[in-house]
Amino acid sequence: MAEERRQKLCSVILPTESMKAMAESVGVGSLQEDSCLALSEEVSYRIKEIAQDALKFMHHGKRRKLTTGDIDHALKLKNVEPLYGFQSQEFIPFRFASGGGRELHFYEEKEVDLSDIINTPLPRVPLDVSLKAHWLSIDGVQPAIPENPPPVPKEQQKTDSTEPLKAVKPGQEEEGSIQTKGQGASSAEVKGSSAKMVPLKMRMKPRSTHELSVEQQLYYKEITEACVGSCEAKRAVCVCNKCYLFLFQVRVNVVQNNLALLIYLMRMVKALMDNPTLYLEKYLHELIPAVVTCIVSKQLCLRPDVDNHWALRDFAARLMAQSCKTFSTTTNNIQSRITKTFTKALLDDKTQWTTRYGCIAGLAELGHDVIKTLIIPRLSVEGARIKAVMDGPVVSNIDKIGADHVQSLLLKHCASVVAKTRPLPDMVDQYKVDYGYLGTMLCSHVVKARAQAAFQAQTVNRTTLTITQPRPTLSVSQSGLSTSSGSRAPSIIKVPSSLTLMSTRPGTPTQPSPPATKYIVMATSAGAASTQQVRSVLHIHRVHMIVHSKVISVPRILIATPGLISPNIKVFKYTFILQ
Amino acid sequence: MAAVQDGQMELDAEKETKPEILSDGTSNLSGNTASGTLSSSPLTAAPAGGAPKMEDQQTLIAVLQFLKRNKLTDSVEILRREAGLGEDQEDSQATDGSGGGKGDVDGGDANSLLSRVSITSAAAPQSVIIFHSIIFFYSYRFGKVGGADDQPDVSVVLSAYSQQGDPSLYQVYYSGLKNFIESVLDCHRAELSQLFYPLFVHMYLELVYNNHENEAKAFFEKFSGDQECYYQDDLRVLCGLTKKEHLKGNEVLLDFRTSRFVLRISRDSYQLLKRHLQERHNNQIWNIIQEHLYIDIFDGMPRSKSQIDSMSGSLAGEGKREVNKAKVFHGLLKEPEIEVPLDDEDDEAENEEGKPKKKKTKKDSLGSKSKKQDPNAPQQNRIPLPELKDSDKLDKIMYMKESTKRIRLGPENLPSICFYTFLNAYQGLTAVDFTDDSSLLAGGFADSTVRVWSVTPKKLRKVKSAADLNMIDKESDDVLERIMDEKTASESKILYGHSGPVYGVSFSPDRNYLLSSSEDGTVRLWSLLTFTCLVGYKGHNYPVWDTQFSPFGYYFVSGGHDRVARLWATDHYQPLRIFAGHLADVTCTRFHPNSNYVATGSTDRTIRLWDVLNGNCVRIFTGHKGPIHSLAFSPNGKFLASGSTDGRVLLWDIGHGLMIGELKGHTDTIYSLKFSRDGEILASGSMDNTVRLWNSMKAFDEVETDDFTATTGHIHLPDNSQELLLGTYHSKSTPVTHLHFTRRNLLLAAGAYNSQ
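Residues numbered from 1 in each chain as written. Chains lettered and ligands numbered in written order. Predicted model: local features only at pLDDT ≥ 70, side-chain atom pairs only at ≥ 80, totals over all residues. Heavy atoms only, no water.

1. Observations regarding the sheet that holds strand S31 (residues 747–752) of chain B
Quick reminder of the rule: Pairing between strands is defined by DSSP: at least two bridges between the two strands are required. Strands are runs of DSSP state E lasting at least two residues, helices are runs of H or I lasting at least four, and both sets are numbered from the N terminus onward. The angle between two axes is taken between their N-to-C directions and runs from 0 to 180 degrees, where each axis is a line fitted to C-alpha atoms and a helix contributes only its stretch in contact.
Strand order in the open sheet made by the four strands is S3(A)-S3(B)-S31(B)-S30(B), with mixed pairing throughout. Each end of this open sheet is capped by a strand with a single partner; those strands are strand S3 (130–137) of chain A together with strand S30 (738–741) of chain B. Pairwise comparison of adjacent strand axes, ignoring direction, gives a mean angle of 20 degrees for this sheet. Judged from the six bridges that link them, strand S3 (residues 417–423) of chain B and S31 of chain B form a sheet pairing that is parallel. The residue of S31 of chain B that forms the bridge with Thr-421 of chain B is Gly-751 of chain B.

Next up, the structure:
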């Protein structure tokens, strides 16, 4: 402690070289070393003095950041003419250069062409100060409206879930604000505190049965309705209200074979995953079985021959891959466990085509390495199986469709991997030997993929990558969902006009605007990107957009019954099952 | 009375340090003289320099008498020495020297002088200004002596520093003392450890003063790590200071030189220390203790480490015990009786609403409550207060009506919080205030503007122009409505006038005026009828950090970088009182609910309570470890809450002058504090984007203020912040700048959204 402090307090003095440099800049050629030393000490002292005064202005300006304005005011206090001509910018771009053992920070002054300034259109007039009111708390409970921050910060959720029994001494001093509150609550709990503390307690407590008030039940109903209902906007709000969703709905719906609901639920899972404020780790054990169910279930809809449950499987597979990427750690080992599950099902001869499709999709989404080690060796076996179905006389229509889908899925995923790993030339015969029944078709796909890649190489070089992709599954390139004819890499990034419209936010940024790079909407150059993909992206986009505009119907749900707005909706899941 | 001395002495110091202010003060004075209103007073003429010798002397004697009457013996001594007056001379002159303006002033005692500060009296301005000019003159004299030739001054104050020992032995001395203190019994160690910091600073300064730069640096390096962490800010200043030349003009140093660091030590510990130093013949340290420290010795048990820590931290040590002994009338003033015709009107209004009689009984109970005189309440006319206007009475009735609908708050019943977020303020919001009836909101901005919003559907309207006003039928009942110009109705109005960031805003209780204080050194009074500036009050030459209207209007207080708080009346362009004594910037100023006292918080980490009547400092509260940025009186006037940059809220019992509670939880500067209307809940808003609610009732109830603690000033603070914390409400990246309880106990919060 003392060490640290001493380090902080050690008096820094400007180097004498700086004095020399400054003297030269005002025309004093040769400055004695002694004078330099004396000057530098004096200057350092004065600068510190001014900085200390400037801090006062910062404090009174109720800011955390010292601005050039503060320094101007401090200079004025000392009766020094403030610096003119410097705009008080948020950020002053000092540049750093070193060479010959000397380090230099300098402020780069660019030459500006006057005509450029004259010709540039005037910037938009900044918005005027305005006032907006919202409820920070209603009868002591903070409503979960967009104006308020998420009820519990992620770190807190993490500590709660990982160390639920962490012993805390009451009154023990700790930094985290919520933390202290939590302690307060828990210590109060021990003493059997008043009923009013309940909402706070519930937030902190490890799971246990809770009774739901009528309002909470109502709220739950509203949310589920919103989630599975037709109103997209409402769903977005609910999802972003951090309702911890309850995935046995999935189980229920699988039993009921309700495809539409399942799709909605999967999308909700996706929205949950994309929500940076949630700490989902706690709920993985609920989430993953549900998602896996949607991938590999034998039957997901009432009429498997007509309904497009394949899309659902694809989507769920992608979700799975995403969760593997985000949540897989050495301790929970999600990825390997999932892979094992899929492989086991795949190796089983009796597996249905639907399940088989799901397994392959699930594996394929996990990446090229998985495809290479687990799927490609199986190609000939699967090929034989497909052939049996296709050519065999006595098969049901369902099996045939299944086999067909599996075939195209295999081709789609394998082609790219093969194209990368297999050396040229692509001989059809050789392919047949290696991959059996599927060899011929694979060969043609590989050729196509190679051509595409070559074409891409030419164009991609020019469009410098302006995209950041925080969530790999969002991008078309890695989704593997692009149709076999479509291009594989994102070549042109454009925001569809409809989306642009939505992203213009109203002029009152109560909430931080979502970082623009985060939700880039992409379309493949071929324009033939799978609609599913775009839709899911769009969905995410809209989720965020809507929350930031204020067109939401929250007040209707929330304000009407202030008591129920407690942020601990997660408790519902333990007592409540949707019909 | 010791406090008074203190205050005045430091006023001297103040003026010595800032000769600029002085010259300005005098120029103001001579300006007065020139303007003719006060030219008859020889007092003001004297400092202007043109007065004949005899008159000058008479003036001096007058001042001396005034000082004597107020028992400012030290100052009398100094003044007499400066002026070369003999005591007998003064006495002889005093008998016949009571003519002219000064005679008036001297003739009456302080009370009669003040009683002339009535609002209606035409003579009032003069007497006040005369009174005031005494202070000015007095300080001018000293300022001139000090300011004209700085060298002797420095040598006087630092005389102890010049009798230097061997610089190389300083480290030995200090570590010798350190070893001694570490080896004494535990019960004494905590107390004696208090010595470390002041000794360290003074020894370091001595080394610097005597040009032993290297020894000073080594000394600092070696021992700075041992100091308590709450002195770190000062240490940072100190470490930059390595040359004798720097000693001049450094504020922190001046504080150290001019004020003695106060330590409270039990007699046993003190004896122990004394014996040790005498045995070792450690004169160096002994000299410093005698010259620069004030050791407040008490009989009884030595204090524990935690007791000491809770009270220390201020720039100049703890307050002396006797400082907090003065009687403070912290009770509330009697509620004025509302006249009968208005009552009838009120009842009629009630009848229309279909609630007959109910109101009447309420009123009676309220009336009877106010009739019972609080023994701690000041005299009703101790400070002349403005008479109630009809509109004020109407407002009082509204207030009573609203208060019957007030929600009783408590730990079971927390208030709802409505947050007013300023959008697009671009980091510029610096101050906020609500009117008492919560209808208007004012914001001060870094771009020098003040903006006023109406938060009710009623829009803001200006008064019509003079020409249009002439056309109105002045006899009509709704004349007040008719004078307003509908064309100007808007939700917000901007007030332009300041030339620097606006750091404080305050509405007058009658909602007709708004005060704003700014970096440009002025306090401005704005009319909310015309939305124009009425007066610019000049006096602070440096940024004015805060200003606030008295709860009864008319008076207001301001405090700024010049380390003084000033009391003003709206119709005087000179301050009525100058509260000098803080050792650093006055950061916040608050009126006591009975308007007889003013509390100021400062960067020197102390809170002072000043008596408006005589300008005395009646309380010094130490214990904060950072600059104080918010203050709040409890509605009953008994308690004071203060918040500082260290993120702690401290609670004080004004009557006993004791710290009674510490509320920990915030992680950043607390910029606003407010008690609920009934005082059960304390709300605090901070830079850490939270509003916290505390159970103030419990905090106050749990205090046992027996006679023993009251006399010794030893406090045992229960560490129960967590139990007292009732709720924490996070905003989304919006620091809480202001809090306000509506008359029905809804909590309003305000702050600017910070987009980073």
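Next comes the rest of the account.
2. Overview of the interface of chain A and chain B
Quick reminder of the rule: Two residues qualify as a contact provided that any one of their heavy atoms is within 4.5 Å of a heavy atom in the partner residue. Two parts placed together each lose some accessible area; with a 1.4 Å probe, that loss summed over both constitutes the buried area. What makes a salt bridge here is a side-chain nitrogen of Lys or Arg within 4 Å of a carboxyl oxygen of Asp or Glu, nothing more. Charged residues are taken to be Asp, Glu, Lys and Arg, nonpolar residues to be Ala, Val, Leu, Ile, Met, Phe, Trp, Tyr, Cys and Pro, and polar residues to be all remaining types, Gly included.
Across the boundary between the two partners, chain A contributes 65 residues, which contact 78 residues of chain B. Buried surface at the junction of chain A and chain B, summed over both partners, amounts to about 6600 Å²; 54% is from carbon and sulfur atoms. Inspection of the chain A/chain B interface yields four salt bridges. One salt bridge connects Arg-451 of chain B with Asp-128 of chain A, and the closest N-O pair in it is separated by 3.1 Å. Considering every element that reaches the side of chain A that touches chain B, the biggest residue donor is helix H3 (residues 33–60) of chain A, with 12 residues. For the side of chain A that touches chain B, the class distribution of residues is 20 nonpolar, 20 polar and 25 charged.

3. Side note on the sheet that holds strand S21 (residues 617–622) of chain B
Residue and element names in this part refer to chain B. Strand order in the open sheet made by the four strands is S18-S19-S20-S21, with antiparallel pairing throughout. In this open sheet, the two edge strands, each paired with only one partner strand, are strand S18 (586–591) and S21. Across the sheet, the mean angle separating the axes of adjacent strands is 20 degrees when strand polarity is ignored. Relative to strand S20 (residues 606–611), strand S19 (residues 597–602) runs antiparallel, the two sharing five bridges.

4. Observations concerning the side chain of Gln-142 of chain A
For the record, the criterion: Under this definition, polar contacts are N or O atom pairs within 3.5 Å; protein pairs additionally need one hydrogen-donor-capable and one acceptor-capable atom, and for neighbouring residues in sequence, both atoms have to be side-chain atoms.
The topology assignment puts Gln-142 of chain A in the loop between S3 and helix H6 (154–162). In this structure the side chain of Gln-142 of chain A is engaged in a polar contact, spanning 2.7 Å, whose partner is the backbone oxygen of His-730 of chain B.

5. Looking at the nonpolar core
Applied cut-off: By nonpolar core is meant a set of buried Ala, Val, Leu, Ile, Met, Phe, Trp, Tyr and Cys residues that side-chain atoms within 4.5 Å join together. Residue burial is assigned from relative accessible area. The probe radius is 1.4 Å, only protein chains are included, and a residue is buried under 20% of its type maximum, exposed over 50%, and partly exposed in between.
Core analysis: the biggest nonpolar cluster contains 64 residues, and Met-266, Met-320, Leu-410 and Leu-442 of chain A have the highest contact counts within it. When sequence neighbours within four positions are dropped, the list of residues in contact with Leu-442 of chain A reads Leu-379, Leu-411, Cys-414, Ala-415, Val-418, Tyr-431 and Tyr-435 of chain A. In terms of nonpolar packing, the next biggest core, distinct from the first, is built from 43 residues, Tyr-170, Tyr-197, Val-208 and Tyr-209 of chain B among them.

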